[in-house]
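Understanding the architecture of this molecule
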Amino acid sequence: MAQKSALTKKKKTGYAFGIFTESLIYNMFYTYYLTFLNEIVGIQPKYSSVIIFISIAWDAVTDPMIGNYTDRVGVDKRKVMKKALLPLGIIFIVAWTNIGAGLDSQLLKILLYTVISMAIWVFYTMYTIPYYAVVAEITEDYDERTQIRSFSSLLNAMAVGLGNILPALVPTVAVLLTERYESNAYAVIAAVISIMAILLGFVCCKSLNGVYEPKKIIAGEPVKKTTLKGTMKSFGEILRLKPAKYFLLFVFFFLAASSMIQANLTYMVIDCIGMDYDTGIVFVILSLVISMAVVVPIVEAVAKKKDRRFAAILFLSLATAGEVILKLVGLDAEIGGFRIMCIISPCVLGLGVGTFWTLFYSMGYDLVELDEFKTGERRESTITALPQLIQKFGSAFGILMAGQLLSLYGYDSSADAAGSESLIKVVTDTKIVNGMENISTIIPAVLLFVSVICAILYPMTRGRVNALMAQLKKKRNGVDYSTDGFEKLL
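Keep in mind that this is a model prediction, so the values were computed, not measured.

It is worth spelling out the pattern of salt bridges at this point. Counted under the stated rule, the structure contains 17 salt bridges. Across the pair Arg78 and Asp76 runs a salt bridge whose closest N-O atoms are separated by 2.8 Å. The closest approach of N and O atoms between Glu140 and Arg378, which form a salt bridge, is 3.4 Å. Separated by 238 residues along the polypeptide, Glu140 in the loop between α7 (135–138) and α8 (142–168) and Arg378 in the loop between α16 (341–375) and α17 (380–408) bring together distant segments of the chain. The network of salt bridges with shared partners includes Glu140, Arg145, Glu369, Glu372, Arg378, Glu380 and Arg476.

On the surface, Ile165, Val282, Leu286, Ile290, Val294 and Ile298 cluster together into a nonpolar patch covering about 480 Å² of accessible area. Residue contributions to the nonpolar patch peak at five residues, all from helix α14 (residues 277–305). Position of Ile165 among the secondary structure elements: in helix α8. Classification of Ile165 by relative accessible area gives partly exposed; the value is 32%.

Now for the packing of aromatic side chains. Within this structure, the stated rule accounts for 36 aromatic pairs. Ring centres of Tyr15 and Tyr131 lie 4.5 Å apart, and the angle between their planes is 10 degrees; on these two criteria the pair is classed as stacked. Of the two residues, Tyr15 is situated in helix α1 (residues 9–16) and Tyr131 in helix α6 (residues 106–133); the sequence distance between them amounts to 116 residues. Under the relative-accessibility criterion, Tyr15 is labelled buried at 2%. A residue is classified by how much of its surface remains accessible, and Tyr131, at 0% relative accessible area, is buried. Taking the centre distance of 4.7 Å and the plane angle of 75 degrees together, the rings of Trp121 and Tyr124 count as edge-to-face. Of this pair, Trp121 and Tyr124 both sit in helix α6, separated by three residues, roughly a single helical turn. Residue class for Trp121 comes out buried when judged on its relative accessible area of 0%. Of note, Arg308 hangs over the ring of Tyr142, and the distance from its end group to the ring centre comes to 3.8 Å.

For the rest of this paragraph, the subject is the packing of helix α13 (residues 265–273) against α14. When two helices pack together, their arrangement is given by the angle between the helix axes and by the axis-to-axis distance. Running from N to C, α13 and α14 point in directions that differ by 120 degrees, and their axes come no closer than 9 Å. Comparing the axis directions of α13 and α14 gives the class oblique. Pair α13 / α14 crosses with right-handed handedness. Residue-level contacts link Leu265, Thr266, Met268, Val269 and Ile270 of α13 to Tyr277, Gly280, Ile281, Val284 and Ile285 of α14. Along the lines of polarity and charge, the residues of the contact of α13 with α14 split into eight nonpolar, two polar and no charged.

Bringing a positive patch on the surface into the picture now. Side chains of Lys10, Lys79, Lys82, Lys83 and Lys206 sit close together on the surface and give a patch of like positive charge. The element contributing the most residues to the positive patch is helix α5 (residues 77–95), with three residues. Along the chain, Lys79 turns up in helix α5. For Lys79, a relative accessible area of 52% corresponds to the exposed category.

With that settled, consider helix α12 (residues 242–263). For α12, with 22 residues, the first-to-last C-alpha span of 33 Å sits near the 32 Å given by 1.5 Å per residue. Across the 22 residues of α12, 16 count as buried, placing the element largely inside the fold.

All right, on to the environment of Phe252 then. Among the structural elements, Phe252 can be located in helix α12. When the C-alpha atoms of Phe252 and Arg379 are compared, they prove to be 21 Å apart, with 127 residues separating the residues in sequence. When residues no more than four places from it in sequence are discounted, the contact partners of Phe252 are Ile390, Phe393, Gly394 and Phe397.

Let us now look at the environment of Gln262. As for its placement among the helices and strands, Gln262 is situated in helix α12. For the pair Gln262 and Phe29, spaced 233 residues apart in sequence, the C-alpha to C-alpha distance is 9.9 Å. In contact with Gln262, not counting residues within four places along its chain, are Asn27, Tyr30, Thr31 and Asn164. Among the polar contacts made by the side chain of Gln262, one reaches the side chain of Thr31 at a distance of 2.7 Å.

What counts, and at which threshold
Residues numbered from 1 in each chain as written. Predicted model: local features only at pLDDT ≥ 70, side-chain atom pairs only at ≥ 80, totals over all residues. Heavy atoms only, no water. Salt bridge = Lys/Arg side-chain N within 4 Å of Asp/Glu carboxyl O. Helix = DSSP H or I, 4+ residues; strand = E, 2+ residues; numbered from the N terminus. Patch = residues over 30% accessible without salt bridge, like charges linked within 9 Å, V, L, I, M, F, W, Y side chains within 5 Å. Areas by Shrake-Rupley, 256 points an atom, 1.4 Å probe, with all protein chains shown as cover. Buried < 20%, exposed > 50% of the residue type's maximum accessible area, 1.4 Å probe, protein only. Phe/Tyr/Trp six-rings, centres within 6.5 Å; stacked < 30°, edge-to-face > 60°. Lys NZ or Arg CZ within 6 Å of the ring centre and 35° of its normal. Axes fitted to C-alpha atoms, helices over the stretch in contact; angles between N-to-C directions. Parallel < 35°, antiparallel > 145°, perpendicular 65-115°, else oblique. Left-handed = near helix turned anticlockwise from the far one by under 90°. Contact = heavy atoms within 4.5 Å. Nonpolar A, V, L, I, M, F, W, Y, C, P; charged D, E, K, R; others polar. Lys, Arg positive; Asp, Glu negative; His and termini not counted. Charge placed at Lys NZ, Arg CZ, Asp CG, Glu CD. Expected span 1.5 Å × (residues − 1). Polar contact = N/O pair within 3.5 Å; in protein donor to acceptor, adjacent residues only side chain to side chain.

Shown next, in the form of structure tokens:
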């Protein structure tokens, strides 16, 4: 690997702030876009969830291609990230405008917002894959990778808060706008988030100067072209790594669970907990952010003392149990007239989310060295792209299920659409309310349980990773090596 300058605390901090670019956009989209399409644009839930699923599934094409491209020698990951920032911000704003609310045809609305959403994920992927992949290039130290991702996750708690709290101000912003433009309050918030995302994205790119070097073109060696066939071949080779299948299933089922809860957040506050939206969402988001901020350093400490796999199993098991208890107690529980689940429920979600985002990418980085040991190639971006692809499929699946279940339980907001957030009506049908509660508790609990089982089956422990690294260094130096200590990874 190329010689680089020291990975200082200042450099790590600058890199970590790049999480805001990814997380602000991700969280506003996953928490509010289903509600936006339902209530502002006037698309039926069963169709709006399909829009989100199709737009994210589109990454089945873009993720592997972008990942494979940024792994090529001579490609500078920083430049790819920079090129994505401005178009990402602009398209994100357009996605939250009410340009389709006046259309009478559900089909035209669906087509319009599907295309816009697909465009978001192309540029989002251009930024996030190199952003996450670059850590595997700037350090190979097991604990330093966890530390970088942990600090990034701590800042992510702030980003999650902003990505959820700012859109919660939509009713207030709508009042400040004229009657003609009040339905574009979401677009105003999206503009604020986009500006922050662009600026902090540039800060991140600048922080990588000196600690990251693009792979050099070696004279006489052919440069591989990025083709779909070549990309699929690389994915196939990675999937043949024994730990990869369990890791990817772990990712899929966790994201399906968390995105299902997140997409149902508005309905959970109003209909399940039974609070006024403006008040309830503030309690929910603050509790979510604080719980994440508390959980992240604890998870890091446990991962450092034991390993990342153990920490994932422990804390996600607690989150699974928490979701079951929420269902048994009921989301409308109160103490002294106060609806306590506006604090407890998001704390359970924060426990799971804080754990996952602290460990997810650093767990995946270990596959880079395993892949190198088996193939002789380093494919940081491709290995980042594959779990990110599964991550998005899991998230899309969770939102799809939330929308389909809302329809199945009998909820239909399409007749209410007139471009105003205030038109979200309180549901009184007990069947629908119970269904909404299931979407926020017991159904995600089942998905979380499967995710924990996959983490148990994932064989990348600290001891095996350290044994792998010791033998990989020997292999790089052209001396005799063995597979002692990590046979279960092969």
